[in-house]
Amino acid sequence: MNFDSMMPRDPFADDPNDPASFLEDDASEDVPPLSDEERAHVLEDLRIVRECKNILEPRGMRGIYFLCEDCDIMHYYDWDIMAGNMQASLKGELGPVHEPSAEPDVDAYVPWDYAVGYLDGLEGRR
Ligand SMILES: [Zn+2]
């Protein structure tokens, strides 16, 4: 999982007080297009997320959580939100990464690696 595909490239892009804005005039430009490799990676993640939604959601797993290094708190994402973010990044847009579900039921979210491992363990896939 490459979380960069879900992350804003520069969280201070719109902050006029960001000292880096004096150094990088291009910081607020559009997201650069994905390379073929990045695109393939996002498409693969998207395929997994859809599989998670079909297979894990009926088992009570609504999405993933991870520690956000920008906010230093856990973020919780429903499968639909993750898929939306990935589709946005494929189109060269940024999803609302720091707007997770309101008051998530934290017990219903698992780490990404757990979700992938769970899928792998079913039916001896892959
Ligand atoms: Zn965050």
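Bear in mind that the values here come from a model prediction, so they are computed numbers and not experimental data.

## Regarding helix α2 (residues 79-90)
Argument step 1. For α2, with 12 residues, the first-to-last C-alpha span of 16 Å sits near the 16 Å given by 1.5 Å per residue.
Argument step 2. Those residues of α2 lying buried are Trp-79, Met-82, Ala-83, Asn-85, Met-86, Ala-88, Ser-89 and Leu-90.
Argument step 3. Taken together, the buried residues of α2 touch α1 (36-55), β1 (63-68), β2 (73-78) and α3 (112-121).
Argument step 4. Directly after α2, the chain includes Gly-92, whose backbone phi takes a positive value near 80°.

## Brief notes about the confidence of the model for the protein chain
Argument step 1. With 66% of its residues at a pLDDT of 70 or more, the protein chain has an overall mean of 80.
Argument step 2. Per-residue pLDDT stays below 50 along residues 21-28; that stretch engages in 4 contacts with residues further than four places along the chain or on separate chains.

## Quick word on the pattern of salt bridges
Side chains that carry opposite charge are capable of pairing whenever their charged atoms lie near each other.
Argument step 1. Counted under the stated rule, the structure contains 5 salt bridges.
Argument step 2. A salt bridge links Lys-53 to Glu-57; the nearest nitrogen and oxygen atoms lie 3.0 Å apart.
Argument step 3. We classify Lys-53 as partly exposed; its relative accessible area is 29%.
Argument step 4. Between Lys-53 and Asp-80 there is a salt bridge, and its shortest N-O distance comes to 3.4 Å. Residue Lys-53 is found in helix α1, and its partner Asp-80 is found in helix α2; the two are separated by 27 residues along the sequence.

The rules we used
- Residues numbered from 1 in each chain as written.
- Predicted model: local features only at pLDDT ≥ 70, side-chain atom pairs only at ≥ 80, totals over all residues.
- Heavy atoms only, no water.
- Helix = DSSP H or I, 4+ residues; strand = E, 2+ residues; numbered from the N terminus.
- Expected span 1.5 Å × (residues − 1).
- Buried < 20%, exposed > 50% of the residue type's maximum accessible area, 1.4 Å probe, protein only.
- Contact = heavy atoms within 4.5 Å.
- pLDDT = per-residue confidence, 0-100.
- Salt bridge = Lys/Arg side-chain N within 4 Å of Asp/Glu carboxyl O.

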